[in-house]
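Chain and residue survey
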Amino acid sequence: TQLLEQSPQFLSIQEGENLTVYCNSSSVFSSLQWYRQEPGEGPVLLVTVVTGGEVKKLKRLTFQFGDARKDSSLHITAAQPGDTGLYLCAGANAGGTSYGKLTFGQGTILTVHP
Amino acid sequence: NAGVMQNPRHLVRRRGQEARLRCSPMKGHSHVYWYRQLPEEGLKFMVYLQKENIIDESGMPKERFSAEFPKEGPSILRIQQVVRGDSAAYFCASSPPSNYGYTFGSGTRLTVV
């Protein structure tokens, strides 16, 4: 069974601070996706990383995929209250009938205080 | 494009009744996935379907749960004889054949009373 360990589970910071969320596994994934979920809504895809060592930037968000494709991180610079939400990492399987199936981490609940 | 449409948004069923959850994928998406989100737990994979085919149902409970994605119409997740433990948010997602990135619906929140 593939598992994704996401940390920290809760993060409460002040506006303007930087933060990093980690997603670790002992398994290799074909790709790693990051989602953000608002209360009462479904997850919304932020980014997909595919290549080991890949770094993608989305405004103040920086996503990195580990060289071995087993781990990933999300870094937010100068957090704003609008960044508040649940952040989820999810790994996609490499092939076979499980191709496309996602394994989700437990999520990080981020609260940014004004 | 309205995105992935799930209905109903909220569903209340008494123990022993049947629950039917519907999902219409995004236009052009041929792959549909169902996930369940229980309180204090993450999203758990249930089933992966393509038109008229179940590709992977390894996350589906062995009894009472079934899913289909017919040639015409939405995908249906069916739960027979619901129990309180079935109360959860059920999310449908769709993707194009590349599988690189899902689009999730807003979910159906099932409450069993």
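On a predicted model such as this, the values are computed, not experimentally measured, just so you know. (Residues numbered from 1 in each chain as written. Chains lettered and ligands numbered in written order. Predicted model: local features only at pLDDT ≥ 70, side-chain atom pairs only at ≥ 80, totals over all residues. Heavy atoms only, no water.)

Residue and element names in this part refer to chain A. Going residue by residue along strand S3 (residues 19-24), you find Leu19, Val21 and Cys23 tucked away on one face and Thr20, Tyr22 and Asn24 left uncovered on the opposite face. For strand S1 (residues 5-7) and S3, the ladder comprises 3 bridges, and the chain directions are antiparallel. Within S3, the residue paired with glutamate 5 across the bridge is asparagine 24. Note that S3 and strand S8 (residues 71-76) share 6 bridges and pair antiparallel. (Buried < 20%, exposed > 50% of the residue type's maximum accessible area, 1.4 Å probe, protein only. Helix = DSSP H or I, 4+ residues; strand = E, 2+ residues; numbered from the N terminus. Pairing = 2+ DSSP bridges.)

Turning our attention to the interface of chain A and chain B. Of the residues lining the interface, 22 residues belong to chain A; the matching set on chain B comes to 25 residues. Both sides of the chain A and chain B interface together cover about 1700 Å² of buried area, and 50% of this is carbon and sulfur. Across the contact surface, chain A and chain B share 1 salt bridge. Between B:Arg9 and A:Glu41 there is a salt bridge, with its nearest N and O atoms 3.7 Å apart. Broken down by element, the residue count for the side of chain A that touches chain B peaks at 4 residues, all from strand S4 (residues 31-37) of chain A. Along the lines of polarity and charge, the residues of the side of chain A that touches chain B split into 9 nonpolar, 11 polar and 2 charged. (Contact = heavy atoms within 4.5 Å. Buried area = accessible area lost by both parts, 1.4 Å probe. Salt bridge = Lys/Arg side-chain N within 4 Å of Asp/Glu carboxyl O. Nonpolar A, V, L, I, M, F, W, Y, C, P; charged D, E, K, R; others polar.)

Judged by nonpolar contacts, the single largest core of 23 residues is most densely connected at B:Trp34, B:Met46, B:Leu77 and B:Tyr90. The set of elements that each furnish at least two residues to this core consists of strand S3 (19-24), strand S4 (31-37), strand S5 (43-50), strand S7 (65-68), strand S8 (75-79), strand S9 (88-95) and strand S11 (108-112) of chain B. Excluding residues that lie within four positions of it along the chain, B:Met46 makes contacts with B:Trp34, B:Tyr35, B:Arg36, B:Asp56, B:Glu57, B:Ser58, B:Gly59, B:Met60, B:Pro61, B:Phe65, B:Leu77 and B:Tyr90. Ranked by size, the runner-up nonpolar core spans 21 residues in total, among them A:Trp34, A:Leu61, A:Ala79 and A:Leu110. (Core = buried A, V, L, I, M, F, W, Y, C linked by side-chain atoms within 4.5 Å.)

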